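Overview (structure and organization)
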Amino acid sequence: MTPVHVGTIDTVSAVPRRVCVVGAGYVGLTAAACLAHLGHRVRCVDSDPARLGQLLEGQIPIHEPGLEDLVAAGVDQGRLEFLADLEQALLDTEIALLCVGTPPQSSGEPDLSHLAAAARQLSAAATKDLILVVKSTVPPGTCEALELVCAEVVAPGVVVRVASSPEFLRESRAIEDFLAPDRVVVGTEYLDVAETVASLYPAGSTVVHCDRRGAELVKYAANTFLAIKISFANEVARLCEALGTDATTVLAGVGLDARIGTAFLRPGPGYGGSCLPKDVAGFRAVGQTLGTQTRLADATEQENLHARLFVVSKLALVLGSLAGKQVAVLGLAFKAGTDDTRDSPGVHIARQLIAAGADVRCFDPLASPAEAPGNWAHSAAAAVTGSDAVVVTTAAEEFKSLDPAVVAAAMRGTVLLDAAGVFDIAACSAVGLTVYGIGRGAPTDFHAIVWPPLRWAHPVATAAR
Ligand SMILES: NC(=O)c1ccc[n+]([C@@H]2O[C@H](COP(=O)([O-])OP(=O)(O)OC[C@H]3O[C@@H](n4cnc5c(N)ncnc54)[C@H](O)[C@@H]3O)[C@@H](O)[C@H]2O)c1
């Protein structure tokens, strides 16, 4: 195995390169714009004609703060161009980044067909030696297998080497994450390839250089760990509810230990998006393939499903029944600050509410109305008007700035199920709203504690665990 190296490999400013970026989604478009910003000359291709058409007209197909300006600057300065033709995109280029989707299949394994197709197309079009860098999230062993696929179609005398450099950006903070990464991971057995790949990134970045399988696993393991942290917070939150104490404070007390950290330690409606659910499933699938147990990841996946259902069952408990109730769902994107609704708790919860007979009206400040499982309201205020209950699934700024008095006056009922923890409970109570949360708010699951020999009794409410 190649020895692992952790350190810095310099520098981008000394080596501006010609780079081809394949896939203009959250990862590819961000990478293309940021690489151009760093001084590289970037050609970005996408196989979706509609998406490419938008980009050629100067429109950005996704919501990502700052991306529009960065793309425009790259195009204006002549360092960023969009095109459909791979051969043209590869001209004078020794390096191509693969940023295509790897969506989950029903087995939990990712669908690598887009990646294989793109690698095959690039290799067939290559007229000189090429480094393919896989930025998509893939199971360990993928880069090695891709290299064999490339070798089948490449022209005689041309060598294609495949490296791994997984992407760690967060949607809604993609640009800052790309330009100031916590670390850059480069997986390749060749030192010259490692230096070339590392030289694309911002100068001074901390680079972890390892073999390809190791680099691929870093991404799966990192996302699985984040998912475990979120699920653990939800488990603690349910204990807090049963104990009648506040999870926000308890988890702050836990997370402020520097060994633990407060990030991703907030209770909520579970994790979602295009990455965490898929990568936990992928991590588990790797274990199954290798015959290695992944008990923590298995339990996390179950816990996350439960976290979403918990919101629905809690509302059913509070309202008595969901049938015929008018419920506003605020938040359809998987988190605040993005329009991405892939595997989103908000969408899942809205669907469950509808299945239970509720009349659901949804609003999200960024997501498309087409993603709404129920009716779409044109504003948060319109969504809550006349509702029996309001469910909040993300900490969008628009929701944080809602005036509880205005919400209370507009609603028919008084139940505010704030799964995202954005509302001030005292301010809501003052205007007659009853706030239920995840590990905070009004109790629905408060238990007598019976630790002999010390015991004391509290009124016991019906369990929703
Ligand atoms: N979205 C994130 O926050 C994030 C973060 C880190 C890693 N990732 C990983 O990065 C990869 C890409 O994710 P994304 O969210 O950017 O996906 P996306 O679906 O937003 O974008 C993928 C793009 O690739 C294009 N494409 C597919 N096949 C192609 C081909 N053969 N040639 C050219 N273009 C092609 C699609 O048209 C699409 O525009 C995934 O593996 C994902 O798991 C995503």
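Read on for a plain summary of the structure.

1. Observations regarding the nonpolar core
In this structure, Val21, Leu29, Leu97 and Val197 are the most contacted members of the largest nonpolar core, which totals 39 residues. Tallying contributions element by element places helix α1 (residues 26–37) first for this core, with eight residues. Residues within four places of Val197 in sequence aside, it is in contact with Ile95, Ile131, Val133, Ala163, Ser165 and Val186.

2. Some thoughts on the site of the ligand
For the ligand, the set of nearby residues contains 27 residues, the closest of which are Val27, Asp46, Thr102, Glu171 and Lys278. In this structure, an oxygen atom belonging to the ligand sits 2.9 Å away from a main-chain N or O atom of Val27. Take Arg51: an N or O atom from its side chain is 3.2 Å from an oxygen atom of the ligand. If the ligand stood free it would expose 830 Å²; the protein chains cover 89% of that surface. Of all elements in the fold, only α1 and α5 (113–125) reach the threshold of two or more residues within the shell around the ligand. With three residues, α5 is the largest single contributor of residues to the shell around the ligand. Residue composition of the shell around the ligand, grouped by class: nine nonpolar, ten polar and eight charged. For the shell around the ligand, the domains that each give at least three residues are domain 1 (5–210) and domain 2 (222–437).

3. Describing the side chain of Glu147
With respect to the helices and strands, the residue Glu147 is situated in helix α6 (residues 142–153). Residue class for Glu147 comes out buried when judged on its relative accessible area of 18%. Filtering out sequence-adjacent residues up to four positions away, Glu147 remains in contact with Val160, Arg161, Val162 and Arg212.

4. Here's the deal with the environment of Phe283
Mapped onto the secondary structure, Phe283 falls in helix α11 (residues 276–290). In this structure Phe283 comes out as partly exposed when scored by relative accessible area, which is 22%. On a C-alpha basis, the gap between Phe283 and Leu243 in space is 34 Å, while along the polypeptide they are 40 residues apart. Excluding residues that lie within four positions of it along the chain, Phe283 makes contacts with Leu217, Tyr220, Ala221, Thr224, Thr294 and Ala297.

5. Topic: the sheet that holds strand β12 (residues 375–376)
The sheet built from six strands is open, its strands ordered β12-β11-β10-β13-β14-β15 with parallel pairing. Each of the sheet's edge strands pairs with one partner strand only, and the pair in question is β12 and β15 (434–437). With respect to the sheet, helix α12 (residues 295–319) is in contact with β10 (326–330), β13 (389–392), β14 (415–418) and β15, its orientation differing from that of β14 by roughly 165 degrees.

Rules used in this analysis
- Residues numbered from 1 in each chain as written.
- Predicted model: local features only at pLDDT ≥ 70, side-chain atom pairs only at ≥ 80, totals over all residues.
- Heavy atoms only, no water.
- Core = buried A, V, L, I, M, F, W, Y, C linked by side-chain atoms within 4.5 Å.
- Buried < 20%, exposed > 50% of the residue type's maximum accessible area, 1.4 Å probe, protein only.
- Helix = DSSP H or I, 4+ residues; strand = E, 2+ residues; numbered from the N terminus.
- Contact = heavy atoms within 4.5 Å.
- Near = heavy atom within 4 Å.
- Polar contact = N/O pair within 3.5 Å; in protein donor to acceptor, adjacent residues only side chain to side chain.
- Areas by Shrake-Rupley, 256 points an atom, 1.4 Å probe, with all protein chains shown as cover.
- Nonpolar A, V, L, I, M, F, W, Y, C, P; charged D, E, K, R; others polar.
- Domains from an automatic or database assignment.
- Pairing = 2+ DSSP bridges.
- Axes fitted to C-alpha atoms, helices over the stretch in contact; angles between N-to-C directions.

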